[in-house]
Amino acid sequence: MTRTRSVSKIALWLGVVFGLTVMGPSWALGHEGKCPLCKLDLVQNTDSLDYEVVVKVGNKKIEYRCIYCVFGDQKRYKTDLVVYAPSEKPGEPVVLKRTAGVWSAPDSTVFLNSFAKHKTCATESRTFSSQHAFDRYVAKRAITDAVALTLDEMLVAAAERKE
Amino acid sequence: MRRTWFVILAALALALAIGPGPEAGAVSPEELPGWMRDRTEDHLFYKAAPYNFSVYSVPQLARDLNGVAVGHAMAYEDLVTGRDSELETETFERIDRVLRNPPRFMPDEATIGPTFARRFGALEKLFDWAHVLHAQTIDVLTDEALSNDAKDAEIERLWRFYLDSAPYTITGLPLNMDFLWSQPESEAFRKKYPKVNGLFWGYHWLQTSMYDMLWRTSTDTHVPQYELVGSRYHELELYKTDRDFMPMMGETSPRFAGRFHEMANAFDNLHMLHDMVNDVLASPELDPAEQDRRIAESMGKVLTSTHADCRAGEGEPGTLHDHRFPAGMPGMGMMKGSDEDVMYMSGMGWMNMSECAHCSVRLPKGNPWGATLSMEGWTMTVRCLLCARDMATETPGRGIVRAATEDPARTLVLIGDEEGNWTSSIPEVVFLETEGGDHPECTDWSRAFTSREAFDSYLLRYPEYAEVAPLDLAAWSVRGRPTPETYQKIDRPNPYRTEEGGEE
């Protein structure tokens, strides 16, 4: 490697380190972007709760803001899908599948879909591994009139919503 | 015969030419040259060249461009013949039928819009000459005989030919788009005729997107690339009514706009002139004489002669003579809310065009220059193949990657489907990609080679990668890493809207 090349690399590294240091909070780490459906910012995972809903289609991994947005945008995709839907536990998503057009989920899966506006969809359209987890979540956040939906009910709710 | 004719017209124009415009703002009618009142026919034809009409080697692109000419002319003619109330209905449908069944040959717009051509003869000439420049650059880029370097040289010659031979031209300096679109009548056309305005901006999306599709890519990729680009044009881009601003060359063809920045600016200024004219014609409070005056003023704002003493990168911010440009993009004027570092781009948000759109590290200069990724209507520049692939992986829909190889004459074109499966323009392509490489050095460890021999040769020169196995297209396609930790999102609101857009 030439001397010029080494110097330029060191300068580049110093620039990045300086930038990371001085830019502070404006430097965002992680999967930032817009939801393909609602166009609002993706909400980043936290230590206590995951938010990023990941759709795997072939080699692609597309992130959505909430599980409703996935169901609402599913017609875009023609082939099989695997959805990693954040659950009540960080790092333990509920895995949903659409195979030959038919959706499936683990037996105990329930959904919350109580948001009125997309600003709150990341917290009010979610997937849970059990009814118990759902009850704890809505109680903790005092979400009134929350109804635990089955997969079929969630699909109907998504299809009926007027956007 | 044309050369003599050009010289005569150029001499006439010189005699009538206006001097530099006022420091900031309006161009008064008294300052406008006499040719603006000239209604005689004086078409200029193409510079004679063997590549003329090579665009027909991409047949659907050629026909779609012919359709654009019809669309422009039909809308203008109806606007000036008292049929403006039908523009969003009958006119739109008539234009749409043509766009779906575009003509085989380029029409003479004056035959479709004779009233408009008679009333605005000078404007038609200004449009027409710039359109000829547009068309001939595309002919050069689609020509199968010329090398990439020869094409670049010919495009430079076409630009000089335009400036030297046409009596009056559109400036190649960047102009402040926010200033030009802040006239009293600005946005009138978009608000009054959103569907037809969507068509105009859809045409301009096509006319600006096609440059990076064609520039320095092998001609045998043009038809397959246009299958994707043309589909998007017909299915989405023509019918968008929610764009914040017209598509810009720097946004949709950043590589070409960076290389041929004067030409890119001229095309953006041409498209802005279309918008300014549209807005005047959509303003019923202006009587015909006042409309004529305002359109003449609009022409004056974009003429080369108006900015004769100005230089790119200089000028008073927010004025007619603001010739600054965003960092890394000399082929684009300043946009609403932008400063020298960042600008707002439709579909992407705030971006710094001198940085990789995926890892936010500064873009390299020279070769390898990195890659571009075209998806969802935008074309973004990234530092390396990994950034291109991973950005495509995170984005729904089909896409095109155009990337540097070790051979500056050969651009790798990858066309991706809805599932992220890629087809390559170079069948024997080999990729280098290390595990755990750091992004500030990604141009070293994420690269494409035109052959295994080229890959091996690179590793001999850079033994630190000697243990890295070559990847074929299939193996490279399924790799992926999280968004790099250098990624910087610029968190500012959309300057074109009071609140960030999105479903509510």
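Residues numbered from 1 in each chain as written. Chains lettered and ligands numbered in written order. Predicted model: local features only at pLDDT ≥ 70, side-chain atom pairs only at ≥ 80, totals over all residues.

1. Topic: the domain arrangement of chain B
Residues and elements named next belong to chain B.
(1) Moving on: Looking at chain B, the domain boundaries give domain 1 (2-307) and domain 2 (361-477).
(2) Moving on: Just the C-alpha atoms count here: the centres of domain 1 and domain 2 sit 35 Å apart.
(3) Moving on: Secondary-structure elements contributing two or more residues to the side of domain 1 that touches domain 2 are helix H10 (194-214), helix H11 (222-235), helix H12 (249-252) and helix H13 (254-259).
(4) Moving on: Of the residues in the side of domain 1 that touches domain 2, the class split is four nonpolar, eight polar and six charged. (Domains from an automatic or database assignment. Helix = DSSP H or I, 4+ residues; strand = E, 2+ residues; numbered from the N terminus. Nonpolar A, V, L, I, M, F, W, Y, C, P; charged D, E, K, R; others polar.)

2. A few points about the confidence of the model for chain A
Residue and element names in this part refer to chain A.
(1) Moving on: In this model, chain A carries a mean pLDDT of 84, and residues with pLDDT of at least 70 account for 80%.
(2) Moving on: Between residues 1-5, whose pLDDT stays under 50, and residues either more than four places distant or in other chains, the model counts one contact.
(3) Moving on: Counting contacts from residues 11-30, a segment whose pLDDT is below 50, to residues more than four positions away or on other chains yields 13 contacts. (pLDDT = per-residue confidence, 0-100. Contact = placed C-beta atoms within 7 Å.)

3. Let's talk about the confidence of the model for chain B
Residues and elements named next belong to chain B.
(1) Moving on: Confidence along chain B averages 90 in pLDDT terms, with 91% of residues attaining 70 or more.
(2) Moving on: Below a pLDDT of 50 lies the segment residues 1-24, which in the model reaches 34 contacts outside its immediate sequence neighbourhood of four places, other chains included.
(3) Moving on: Complex prediction metrics read pTM 0.86 and ipTM 0.72.

4. Some thoughts on the nonpolar core
Nonpolar side chains tend toward joint burial in soluble globular proteins.
(1) Moving on: Core analysis: the largest hydrophobic core is formed by 135 residues, its most contacted members being B:Leu126, B:Ala371, B:Leu373, B:Val382, B:Cys387 and B:Ala388.
(2) Moving on: In this structure, this core is formed jointly by two domains, domain 1 (2-307) and domain 2 (361-477) of chain B, each of which donates at least three residues.
(3) Moving on: Among residues more than four places away in sequence, those in contact with B:Leu373 are B:Met380, B:Val382, B:Ala388, B:Met391, B:Ala392, B:Gly399 and B:Val401.
(4) Moving on: A:Cys66, A:Cys69, A:Val138 and A:Met154 belong to the second largest nonpolar core, which has 33 residues in total. (Core = buried A, V, L, I, M, F, W, Y, C linked by C-beta atoms within 7 Å. Buried ≥ 20, exposed ≤ 12 C-beta atoms within 10 Å, placed from the backbone.)

5. So, the pairing of strand S7 (residues 125-128) of chain A
All names here are of chain A.
(1) Moving on: Neither face of S7 is open: one carries Ser-125 and Thr-127, the other Arg-126 and Phe-128, and all of them are buried.
(2) Moving on: One ladder, built from four bridges, connects strand S6 (residues 110-113) with S7; its direction is antiparallel. Of the residues in S7, the one forming a bridge with Val-110 is Phe-128. (Pairing = 2+ DSSP bridges.)

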